[in-house]
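Coordinate analysis (summary)
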Number of protein chains: 2
Amino acid sequence: MSHAVPTILDVAAAAGVSKSVVSRALAGAYGVAPATVERVKQAASDLGYVANANARGMSAHRTHTVGAFVRDASTPFYGHLLTAFQLRAAERGYRVVTATGAGSFSIAEERRALETLVALRVEGLIVCSGALPVEDVLPFAQRIPTVVAGRPERDESVSSVYCDEHGGGTALADRVADLGHERVAVFTVARSGSLTQSARTDAMARQLGARGVDVVLVRLEDHGDDPRRLDSAVDHVVAVGGVTAIMAPSDHWAVGVLEAMRRRGLRAPEDLSVTGYDGIMPFATELFGITSWRQPLDVIGSLSVDDVVDQIDGVTSRATHTAIDGTLVPGRTLAPR
Amino acid sequence: MSHAVPTILDVAAAAGVSKSVVSRALAGAYGVAPATVERVKQAASDLGYVANANARGMSAHRTHTVGAFVRDASTPFYGHLLTAFQLRAAERGYRVVTATGAGSFSIAEERRALETLVALRVEGLIVCSGALPVEDVLPFAQRIPTVVAGRPERDESVSSVYCDEHGGGTALADRVADLGHERVAVFTVARSGSLTQSARTDAMARQLGARGVDVVLVRLEDHGDDPRRLDSAVDHVVAVGGVTAIMAPSDHWAVGVLEAMRRRGLRAPEDLSVTGYDGIMPFATELFGITSWRQPLDVIGSLSVDDVVDQIDGVTSRATHTAIDGTLVPGRTLAPR
DNA sequence: TTGTAAGCGTTATCAT
DNA sequence: ATGATAACGCTTACAA
């Protein structure tokens with residue numbers, strides 16, 4: 001409990017030099033005698049000195065930090081994005097600090113988390129939330145380089161890097177239509193719940209319609225809020241009759257659908273085909289085998305960092321919008337009619 | 001691109017008062033005329049003022065921030081922990097900043113991430129890494145309240161909150177023995193790879209032995225580094241002969257085992273029973289059905305935060321070690337012999 | 001090569 | 001109720 005966290009002055013005293021010399025020596029020795037550098041470094045590590053980033057940021061007007069906001073770190077989707085950020089940021093000489101919502105999905109909470117990042121004076125902002133409206137991001141984006149990752153955006157003042165939801169939903173729907181399904185249920189979530197998920201299901205429904213497939217739209221929010229919601233939705237599908245495939249807004253939802261089916265003794269794809277969306281780790285495994293559409297999160301993460309950093313470094317001035325292509329994950333839950 | 005981030009002086013000017021008044025008004029109005037408070041708040045929100053946390057931290061000697069280090073945010077295990085931290089910290093009036101390793105699993109990287117947090121002058125540290133040796137944590141723990149979450153620790157100077165690995169491994173092994181298995185393969189990872197995983201598999205092997213079960217120890221690191229490692233391990237188990245169950249160090253590994261079995265036309269639990277460990281979301285679902293041992297991550301996360309915050313607030317002085325009980329997840333991959 | 005001093009945006013102490 | 005003013009720990013001209 002040696003409460004005294006060493007400051008640059010302690011190091012200076014220990015090395016017998018002034019604090020300016022310490023600062024320069026530790027920064028990268030520009031105009032400091034090699035012997036002195038050695039002495040300073042020794043003293044610093046002896047004392048366990050770690051420069052106060054707050055003080056440094058104030059005087060240097062630079063923090064070399066980008067802030068990442070993720071809506072909910074507990075889902076693998078955001079988790080993968082986070083590690084991708086970290087990896088690329090380190091390569092480009094920046095650190096990443098992350099803030100997340102408090103698990104609750106209130107917009108106010110999310111805005112508060114963003115403010116935490118801004119208060120830290122991060123030099124760039126990466127926002128990942130399917131729910132936070134762009135209007136809440138804009139005030140920050142006008143002041144500091146910002147990129148929205150993982151969802152499409154059209155605004156002029158904020159960059160975005162995302163997987164083409166429309167293209168993915170369309171391609172997946174084509175696949176279903178190709179396999180001869182003539183009546184398909186599309187499960188949707190409220191637009192306010194997830195912009196991305198509703199975008200892709202919109203595309204699915206549209207494309208199925210264009211292909212002459214009969215679409216049964218099942219709004220999940222109409223089926224209550226409890227965990228048994230999907231039972232009710234699946235029952236509904238069965239009651240409608242003639243449906244041979246269900247398209248879910250995400251792998252996560254698809255798992256729920258499969259579980260609900262299982263409780264009813266229905267098997268996929270024998271009784272009913274099922275598709276998901278996202279194609280990330282746990283669900284896209286061979287064992288799970290959900291037919292899905294994979295978003296290359298590592299690419300999205302990497303490009304997001306590049307975008308903010310380029311803006312910070314002044315390489316880029318205008319906001320850019322980058323759509324990444326996804327790929328089909330064949331899986332085993334979708335079969336010909 | 002109004003590059004000018006407003007400072008307290010801008011707000012003061014806009015409100016026609018001194019910066020001291022702004023500081024007090026925004027902090028919580030102690031000795032400030034109600035009318036003035038109103039004027040200041042208005043000016044602040046007009047300007048989009050967000051106080052510089054770095055400057056505040058310097059002068060106030062408090063950051064009201066705890067730092068969380070997680071080894072790899074992309075796994076649901078750590079992700080759930082993160083949201084639990086966030087939730088509880090918010091309740092106790094602290095913010096959480098998170099740093100993660102760069103996806104690579106180098107100890108140096110992890111130490112660097114810890115230093116990032118310390119540089120930010122977080123008031124407390126929560127470390128979650130199955131790999132980082134405690135010696136690397138100690139130097140920090142001596143200076144700032146620290147808790148290691150998710151793995152047991154015995155050191156006097158650092159708290160820990162963890163799920164009882166020994167108890168869990170033992171209970172799971174008992175379950176397997178109870179079901180009449182007489183020859184069981186236990187898959188293990190290197191102690192240096194994961195302290196927690198090796199702790200639980202040690203307990204499994206020990207208890208199986210105590211119950212008179214024949215234990216086949218399969219060291220996964222002996223089977224190479226490639227993704228096909230588990231194929232080789234499973235082949236080995238089959239070659240040994242007589243094995244009726246495999247106990248994996250985690251659900252993640254168990255999934256791999258199930259996939260490898262699947263490639264060989266082996267089914268669980270008909271041909272071979274399989275158990276995992278962790279019991280968290282994607283794998284412990286009804287659909288996946290892995291027999292496992294659940295760690296209550298929300299409780300661990302919440303208690304971890306309480307521990308650091310209590311240390312910060314001076315409620316607690318000594319390091320504490322808290323073991324949380326887990327629960328059996330029945331699943332469907334373990335059957336009587 | 002090294003040291004001195006100013007300033008970064010806050011909060012806290014002390015006057016007014 | 002309000003306003004100067006001194007820290008806080010660091011970087012960075014500028015001086016020596």
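As shown above, the structure is provided for reference.
Being a predicted model, the structure only gives us computed values, none of them experimental. (Residues numbered from 1 in each chain as written. Chains lettered and ligands numbered in written order. Predicted model: local features only at pLDDT ≥ 70, side-chain atom pairs only at ≥ 80, totals over all residues. Heavy atoms only, no water.)

**Some remarks on the overall build of chain A**
Looking only at helices and strands, chain A has 13 helices and 12 strands in total. Computed over C-alpha atoms, the radius of gyration of chain A comes to 25 Å, more than 25% over the 20 Å expected from 2.2 N^0.38 for 337 residues, which places it beyond the range of a compact globule. Within chain A, counting contacts between residues at least 6 apart in sequence, those at least 24 apart form 70% of the total. As displayed, chain A offers around 13,900 Å² of accessible surface, 52% of which is attributable to carbon and sulfur atoms. Here chain A contributes 33 positive and 39 negative side-chain charges, whose respective centroids are spaced 4 Å apart. (Helix = DSSP H or I, 4+ residues; strand = E, 2+ residues; numbered from the N terminus. Rg over C-alpha atoms; globule rule 2.2 N^0.38 Å. Contact = heavy atoms within 4.5 Å. Areas by Shrake-Rupley, 256 points an atom, 1.4 Å probe, with all protein chains shown as cover. Lys, Arg positive; Asp, Glu negative; His and termini not counted. Charge placed at Lys NZ, Arg CZ, Asp CG, Glu CD.)

**Examining the relation of the copies chain B and chain A**
The two copies are related by a screw operation: chain B maps onto chain A through 180° of rotation and 0.0 Å of translation along the axis, at an RMSD of 0.1 Å. One copy is carried onto the other by what is essentially a two-fold rotation axis. When the interface residues of chain B are mapped onto chain A, 100% of them again fall at the interface, so both copies present the same face. (Least-squares fit on C-alpha atoms with pLDDT ≥ 70 in both.)

**Brief notes about the protein's contact with DNA strand D**
Around DNA strand D there are 26 residues in total, and A:I8, A:K19, A:S23, A:Y49 and A:S59 lie nearest to it. In DNA strand D, the atoms that sit within 4 Å of the protein are 58% sugar and phosphate, with bases accounting for the remainder. Contact between DNA strand D and A:K19: a base nitrogen at 2.5 Å from a side-chain N or O atom of the residue. B:T36 places a polar side-chain atom, nitrogen or oxygen, 2.9 Å from a phosphate oxygen of DNA strand D. At the level of secondary structure, the elements contributing two or more residues to the surface near DNA strand D comprise α2 (19-28) and α4 (53-60) of chain A together with α2 (19-28) and α4 (53-60) of chain B. Of the residues belonging to the surface near DNA strand D, the class tally is 10 nonpolar, 11 polar and five charged. (Near = heavy atom within 4 Å. Polar contact = N/O pair within 3.5 Å; in protein donor to acceptor, adjacent residues only side chain to side chain. Nonpolar A, V, L, I, M, F, W, Y, C, P; charged D, E, K, R; others polar.)

**Observations regarding the interface of chain B and chain A**
Residue-level contacts link 53 residues of chain B with 54 residues of chain A. Summed over both sides, the interface of chain B with chain A buries roughly 5,100 Å², with 59% coming from carbon and sulfur. There are zero salt bridges connecting chain B and chain A. In this assembly, chain B and chain A are joined by nine residue pairs in polar contact (both at pLDDT 80 or more). Mapped onto the side of chain B that touches chain A, the elements with two or more residues apiece are α4, α5 (76-91), β2 (95-100), α6 (107-119), α11 (251-263) and α12 (281-284) of chain B. (Buried area = accessible area lost by both parts, 1.4 Å probe. Salt bridge = Lys/Arg side-chain N within 4 Å of Asp/Glu carboxyl O.)

**Some points on the nonpolar core**
Counting 52 residues, the largest nonpolar core has A:F85 and B:F85 as the members making the most contacts within it. Leave out the neighbours within four places in its chain, and A:F85 touches A:A68, A:V96, A:I126, A:C128, A:A149, A:G301, A:S304 and A:V305. With 50 residues, the next largest nonpolar core counts A:L230, A:L272, B:W253 and B:A254 among its residues. (Core = buried A, V, L, I, M, F, W, Y, C linked by side-chain atoms within 4.5 Å. Buried < 20%, exposed > 50% of the residue type's maximum accessible area, 1.4 Å probe, protein only.)

**Here we look at the environment of A:D271**
Residue and element names in this part refer to chain A. Relative to the assigned elements, D271 resides in the loop between α11 (251-263) and β9 (273-275). Taking the relative accessible area as the measure of exposure, D271 reaches 42% and is therefore partly exposed. Apart from residues lying up to four places away in sequence, D271 is in contact with G265 and L266. A polar contact of 2.5 Å, which involves the side chain of D271, links it to the backbone nitrogen of R267.

**Comments concerning the protein's contact with DNA strand C**
Among the 27 residues in the neighbourhood of DNA strand C, the closest are listed as A:S20, A:T36, B:I8, B:S23 and B:S59. Per the 4 Å cut-off to the protein, sugar and phosphate atoms form 57% of the nearby atoms of DNA strand C. Residue A:S18 places a main-chain N or O atom 2.8 Å away from a phosphate oxygen belonging to DNA strand C. Contact between DNA strand C and A:S20: a base oxygen at 2.6 Å from a side-chain N or O atom of the residue. Of all the secondary structure elements, the ones that give two or more residues to the surface near DNA strand C are α2 and α4 of chain A together with α2 and α4 of chain B. Here the surface near DNA strand C is built from residues that sort into 11 nonpolar, 11 polar and five charged.

**Some details on the sheet that holds strand β6 (residues 183-188) of chain B**
All names here are of chain B. One open sheet holds the four strands; their spatial order is β7-β6-β8-β9, and the pairing between them is parallel. The open sheet has two free edges, formed respectively by β7 (214-219) and β9 (273-275), since each of these has just one partner strand. Looking at each pair of strands side by side, their axes are set apart by 20° on average, direction ignored. Here β6 runs beside β7; their pairing, made up of six bridges, is parallel. Among the inter-strand pairings, F187 is bridged to a residue of β7, identified as V218. Lying on the sheet, helix α10 (residues 229-240) is in contact with β6, β7 and β8 (245-247); it crosses β6 at an angle near 160°. (Pairing = 2+ DSSP bridges. Axes fitted to C-alpha atoms, helices over the stretch in contact; angles between N-to-C directions.)

**Points about the pattern of salt bridges**
All names here are of chain A. The full count for this structure, using the stated rule, is 46 salt bridges over all chains. Measuring nitrogen to oxygen at the nearest pair gives 2.8 Å for the salt bridge that ties E123 to R62. Note that E123 is positioned in the loop between α6 (107-119) and β3 (124-128) and R62 in the loop between α4 and β1 (65-70), a separation of 61 residues in sequence. Classification of R62 as partly exposed rests on a relative accessible area of 31%. Each of R88, E91, R92, D306, D310 and D313 takes part in salt bridges that share partners, so that together they form one network.

**Describing α11(B)**
In an α-helix, one turn spans 3.6 residues, which is why side chains three or four residues apart end up on the same side. All names here are of chain B. Spanning 13 residues, α11 covers 18 Å between terminal C-alpha atoms, matching the ideal 18 Å at 1.5 Å per step. Counting buried positions along α11 gives 10 out of 13 residues, so the element sits mostly inside the fold. Its side-chain oxygen placed 3.3 Å from the backbone nitrogen of H252, S250 serves as the N-cap of α11. Backbone geometry just downstream of α11 places G265 in the positive-phi region, at approximately 75°. (Expected span 1.5 Å × (residues − 1).)

**Structural notes on the packing of helix α8 (residues 165-178) of chain B against helix α9 (residues 195-210) of chain B**
For any two helices packed against each other, one specifies the inter-axial angle together with the distance between the axes. All names here are of chain B. Two elements in contact, α8 and α9, have axes separated by 7 Å at closest approach and are oriented at 40°. Put simply, α8 runs oblique to α9. At the point where α8 passes α9, the crossing takes the right-handed sense. For the pair α8 and α9, the contacting residues are E165, H166, G169, T170, L172, A173, D174 and V176 in the first and T196, A199, R200, A203, M204, R206, Q207 and L208 in the second. Its residues assigned to classes, the contact of α8 with α9 comprises seven nonpolar, five polar and four charged. (Parallel < 35°, antiparallel > 145°, perpendicular 65-115°, else oblique. Left-handed = near helix turned anticlockwise from the far one by under 90°.)

**Brief notes about the packing of aromatic side chains**
Counted under the stated rule, the structure contains two aromatic pairs over all chains. For the pair A:F77 and A:Y78, a centre-to-centre distance of 5.2 Å together with 85° between the ring planes defines the contact as edge-to-face. (Phe/Tyr/Trp six-rings, centres within 6.5 Å; stacked < 30°, edge-to-face > 60°.)

**Quick notes on the side chain of A:T244**
Residue and element names in this part refer to chain A. Here T244 lies in the loop between α10 (229-240) and β8 (245-247). Here T244 falls in the buried class, since its relative accessible area comes to 18%. At a separation of 2.6 Å, a polar atom in the side chain of T244 contacts the side chain of H181.

**Some details on the packing of helix α5 (residues 76-91) of chain A against helix α13 (residues 297-312) of chain A**
Residue and element names in this part refer to chain A. Direction vectors running N to C along α5 and α13 enclose 45°, while the axes themselves pass 8 Å from each other. As the angle between them shows, α5 and α13 are arranged oblique. Relative to α13, the crossing made by α5 is right-handed. Contacts between α5 and α13 pair F77, H80, L81, A84, F85, R88 and A89 from the former with L297, D298, I300, G301, S302, S304, V305 and D306 from the latter.

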